[in-house]
Amino acid sequence: MEKHPDAPTWRLIGTDAEGVFCHKPCTVSGGGKSEISKSLNDAVIYGAVYVQELDEDLDRVAEIFNRDYTDRLKPGFEAEDSDPTRKPLDPRRSLGSVIRLLTPSSSNTDAYNDWLESIPPRILSQAFIIKRMYSPAWEDNWRSYFSVDIINGKPGHALKYKGRELVASYLRIGLDKKGVWHTYKVRQDFIATEKVQMEDDISASVVVSADSLPNLSPKSSNPSVKLVKNCEYRLFQRPDDAIHRGFDTQTEIDMAQPDNFIANFEPLIGEKLEAIVEDVVEFQKYTDPMRNLLLDAYEAGDQYVVSSANPRMINGEPSKNPRYLQLRHDLQQPMRTYVAEMGARLARQVPPDEALITPVNAVLTGRRNNPPEEGIRGLAIYNPIHYQELPELFMDFICSVTGKSPSTTGAGSEGALTKGPFNALRPTVDLNNALVSFIITGYSGFSSAAGYIGPELRVDHDISLLIPEIWARLDEQERDPVWLYEQGYLEKLADFEHEGRIVEQSRLGYRITERF
């Protein structure tokens, strides 16, 4: 049970003894290798539940609560609702069931989906939070518990419950071309996963027959599995999101510590530091550790210092490659790793003297997408999540299909894997090993988008932050691409003709659908 981070309520937290090991291999710079293991909580913000006009909005909510839902599903899909006569406020319907009830789906009739599309998002938000707070003792008198303040003689726009302002969770995902954040409300019962970082840039791995291992994760049943060991003590992080003060709390904590190795951050002293500290409104956006670090250096007057939000200025432009060495989280916060291991050990009944085997459950490579720029061709053709079969997956691996990331050194020469000090093997050796690994393990070739989704929406690494949130909640069948395709969650791409030429789009495999 945990206290809500921004409200006076407490809530039950669902836990699972076994985690899902998501492995991101050989992914280009900016593809989200580090971000896949970062907490989503820094991207979650809290705000009021918006009301336009209280009585009119609650009338719309009442329509939702009183509607007859027996006509929702298409013939043949009746099994998706065990009792369609249950109204949203019926105690036999959970909040999750109500969210599903009010989410468009190909299982619904077209008329029902059209009705859902006519409901403004604010009305759905109000319906969900009223369901969250509802007590059966209220019966039909639920409206009396909700209100808004009167401000300057006019009704306000923040929904209140028994006089207390209600709090909703919103997730920031990416920026548009004007630098404006795209923010989405998350479901009322969403809680971010707890992540344990297993690896970053450099790992050693081996593929082993599952039959030869003493115990295995129940999260997957691959005939052979990949075992991975982190080879790094410190991680060479590029904290892109730290440019927004107070956003990347972990980076601000790390960079405020002594004994750091920092590259491509602007050395601040004198007038440069004074301009940052004296800009009170902007300075308050930092978290306490970074704010205190800058303030101490400013008061000392003769010390250089760096800010997590100020990359080094080169020819009048901020560096796009700020870096610092971060102490590994599992060494810095060993309790998380211990809890994860003991949960799995107890669930599997593995004795203390036997090694706990934590194989990779899902291989999720990343794609760095980009719109066209001067001298750089655009490459932003991938959905947020894609699936490719062999050998098309390896066609992409071999030619290193990415637009911007390797542009300085040529296609196919990206990342530590290709640098002699880290990897003296010829590319053919790595590719052969990787291909054999995919064949004998049966891991599915899923990939996630980074940088951009399409040419318009800039996401940086946010999709990589989200991937574990999705995969941790899917069981093994739901991660199976065949099952996903049969259920309409994946669609196969087809070749098409454009300006007299055949575009072989089918090589891109499958992409997620709106149903996913």
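On a predicted model such as this, the values are computed, not experimentally measured, just so you know.

Caption draft 1: A look at a negative patch on the surface. Taken together, the side chains of Asp110, Asp114, Glu117 and Glu514 present a region of like negative charge at the surface. Looking at glutamate 117, the relative accessible area reads 57%, which means it is exposed.

Caption draft 2: Region of interest: the pattern of salt bridges. Under the criterion given, the structure shown has 24 salt bridges. When the shortest N-O distance is used, the salt bridge between aspartate 83 and arginine 92 registers 3.1 Å. By relative accessible area, which is 51% here, arginine 92 ends up exposed. Linking glutamate 282 and lysine 285 is a salt bridge whose minimum nitrogen-to-oxygen distance equals 3.0 Å. Here lysine 285 falls in the partly exposed class, since its relative accessible area comes to 43%. One connected set of salt bridges, linked through shared partners, spans Arg72, Asp81, Arg86 and Arg93.

Caption draft 3: Up close: the sheet that holds strand β14 (residues 234-237). The strand order across the open sheet formed by three strands is β14-β18-β15, and the pairing between neighbours is antiparallel. Single-partner strands in this sheet number two, and they are β14 and β15 (262-263). For β14 and strand β18 (residues 323-327), the ladder comprises four bridges, and the chain directions are antiparallel. When the sheet's bridge partners are listed, glutamine 237 is paired in β18 with tyrosine 324.

Caption draft 4: Focus on the sheet that holds strand β9 (residues 164-165). As summarised here, the arrangement of the three strands in space is β5-β8-β9, forming an open sheet in which the pairing is antiparallel. The open sheet is flanked by β5 (146-147) and β9, the only strands paired with a single partner. Bridge count for β5 against strand β8 (residues 160-161) is two bridges, and the pairing is antiparallel. Paired with serine 147 across the two strands is lysine 160, which belongs to β8.

Caption draft 5: Quick look at helix α4 (residues 121-133). The first and last C-alpha atoms of α4 sit 19 Å apart over 13 residues, in line with the 18 Å expected at 1.5 Å per residue. The element α4 is extensively covered by neighbouring structure, given that 10 of its 13 residues are classed as buried. Turning to α4, its buried residues number three or more, namely Ile123, Leu124, Ser125, Gln126, Ala127, Phe128, Ile129, Ile130, Lys131 and Met133.

Caption draft 6: Fine view of helix α6 (residues 271-278). When α6 is considered as a whole, its buried residues turn out to be Leu273, Ile276 and Val277. For α6, the arc enclosing every buried residue in end-on projection is 95°, short of the 170-degree limit, so these residues lie on one face. Exposed side chains of α6 directed beyond 90 degrees from the buried face belong to Glu271 and Ala275. The inward-facing, buried residues of α6 abut α7 (280-283) and α8 (288-300).

Caption draft 7: Structural view of the packing of helix α11 (residues 392-399) against helix α12 (residues 427-441). It is at 12 Å that the axes of α11 and α12 come closest, and there the two elements cross at 155°. Considering their axes alone, α11 and α12 lie roughly antiparallel with respect to each other. For the pair α11 and α12, the sense of crossing is right-handed. Judged by residue contacts, Leu393, Phe394, Phe397 and Ile398 of α11 engage Leu431, Ala434, Leu435 and Phe438 from α12. Counted by class, the contact of α11 with α12 contains eight nonpolar, no polar and no charged residues.

Caption draft 8: View of the side chain of threonine 287. With respect to the element layout, threonine 287 can be found in the loop between α7 and α8. Judged by relative accessible area, which is 18%, threonine 287 ranks as buried. Here the side chain of threonine 287 touches glutamate 252 through a polar contact of 2.6 Å, side chain to side chain. If we skip the residues at most four places from it in the chain, threonine 287 touches Gly246, Thr249 and Glu252.

Caption draft 9: Spotlight on the environment of histidine 4. Within the secondary structure, histidine 4 sits in the loop between β1 (2-3) and β2 (10-11). Its relative accessible area of 9% is what places histidine 4 among the buried residues. Separated by 60 residues in sequence, histidine 4 and isoleucine 64 place their C-alpha atoms 27 Å apart. Setting aside anything within four residues of it in sequence, one finds histidine 4 in contact with Thr9, Arg11, Tyr46, Val167 and Ser169. In terms of polar contacts, histidine 4 uses its side chain to reach the backbone amide nitrogen of alanine 7, at 3.2 Å.

Caption draft 10: Representation of the side chain of aspartate 57 in the model. With respect to the secondary-structure elements, aspartate 57 resides in helix α1 (residues 54-66). For aspartate 57, the contacting residues outside a window of four places in its chain are Val51, Gln52, Arg122, Ile123 and Gln126.

Caption draft 11: Local environment of the packing of aromatic side chains. One pass over the structure, following the stated rule, counts 17 aromatic pairs. Ring geometry for tryptophan 138 versus tyrosine 145: centroids 4.0 Å apart, planes at 10°, classification stacked. On the accessibility criterion, tyrosine 145 (23% relative accessible area) is partly exposed. With a centroid separation of 5.3 Å and an interplanar angle of 45°, the aromatic rings of tyrosine 387 and phenylalanine 446 are classed as tilted. Placement of tyrosine 387 in strand β20 (residues 385-388) and of phenylalanine 446 in strand β21 (residues 445-453) is noted, with a sequence separation of 59 residues between them. Pair check on accessibility: tyrosine 387 and phenylalanine 446 agree, each one buried.

Caption draft 12: Spotlight on the nonpolar core. Of all hydrophobic cores here, the largest spans 35 residues; its most connected members are Ile64, Leu102 and Trp142. At the level of elements, α1, α2 (95-101), α3 (110-117), α4 and β10 (167-175) are the ones that each hand at least two residues to this core. Of the residues forming this core, the biggest block, seven residues, is contributed by α4. In this structure, Ile173, Ala192, Val459 and Leu466 belong to the second largest nonpolar core, which totals 28 residues.

Caption draft 13: Quick peek at unusual backbone geometry. Following leucine 390, the chain continues to proline 391 via a peptide bond in cis, the omega torsion being 5°. You can see proline 391 is positioned in the loop between β20 and α11. One non-glycine residue, asparagine 152, lies in the positive phi region at around 50°. Here asparagine 152 lies in the loop between β6 (150-151) and β7 (154-155). The exposure class of asparagine 152 is exposed, given its relative accessible area of 76%.

Parameters at a glance
- Chains are numbered independently. Their residues run from 1 in the order of the written sequence.
- Local features in this predicted model are restricted to residues of pLDDT 70 or higher, and side-chain atom pairs are both shown and tallied only at a pLDDT of 80 or more, whereas totals for entire chains, interfaces and linings draw on every residue.
- With hydrogens and water stripped out, all remaining heavy atoms of the structure feed into the side-chain values.
- What goes into a patch is any residue over 30% in relative accessible area without a salt bridge, connected to like charges within 9 Å or, for nonpolar side chains (Val, Leu, Ile, Met, Phe, Trp, Tyr), within 5 Å.
- Accessible surface is estimated by sampling points in the Shrake-Rupley manner with a 1.4 Å probe; for residues, cover comes only from the protein chains shown.
- Between Lys or Arg on one side and Asp or Glu on the other, a salt bridge is scored when a side-chain nitrogen of the former is within 4 Å of a carboxyl oxygen of the latter.
- Residues scored as positive are Lys and Arg, those scored as negative are Asp and Glu, and His as well as the terminal groups of each chain are ignored.
- Charged groups are reduced to one reference atom each: NZ for lysine, CZ for arginine, CG for aspartic acid, CD for glutamic acid.
- Buried means the residue's accessible area, taken with a 1.4 Å probe over protein chains only, is under 20% of the maximum for its type, while exposed means over 50%, and partly exposed covers the values in between.
- For two strands to pair, DSSP has to find at least two bridges joining them.
- Under the scheme used here, helices are H or I runs from DSSP no shorter than 4 residues and strands are E runs no shorter than 2 residues, and both carry numbers assigned from the N terminus.
- Given a helix with a known number of residues, its expected span is that number minus one, times 1.5 Å.
- An arc is given here, and it is the one of the directions from the helix axis to the C-beta atoms.
- Contacts were defined at the residue level, with two residues in contact if any of their heavy atoms lie within 4.5 Å.
- The convention used is that axes are lines fitted to C-alpha atoms, helices contributing only their stretch in contact, and that angles between N-to-C directions extend from 0 to 180 degrees.
- Note on angle classes: values under 35 degrees are labelled roughly parallel, values over 145 roughly antiparallel, values of 65 to 115 roughly perpendicular, and the remainder oblique.
- Rotating anticlockwise by less than a right angle from the far helix to the near helix defines a left-handed crossing, while the corresponding clockwise rotation defines a right-handed one.
- Note that Gly is not counted as nonpolar here; it falls among the polar residues with everything else outside the nonpolar set of Ala, Val, Leu, Ile, Met, Phe, Trp, Tyr, Cys and Pro and the charged set of Asp, Glu, Lys and Arg.
- Counted as a polar contact is a pair of N or O atoms within 3.5 Å, where, for protein atoms, one must be capable of donating a hydrogen and the other of accepting one, and residues adjacent in sequence contribute only when both atoms are in side chains.
- Here is the rule: rings of Phe, Tyr and Trp (six-membered ring for Trp) pair when centre to centre is within 6.5 Å. Planes less than 30 degrees apart are stacked, more than 60 are edge-to-face, and the remainder are tilted.
- Only buried residues count toward a nonpolar core, which is a set of Ala, Val, Leu, Ile, Met, Phe, Trp, Tyr and Cys residues joined through side-chain atoms within 4.5 Å.

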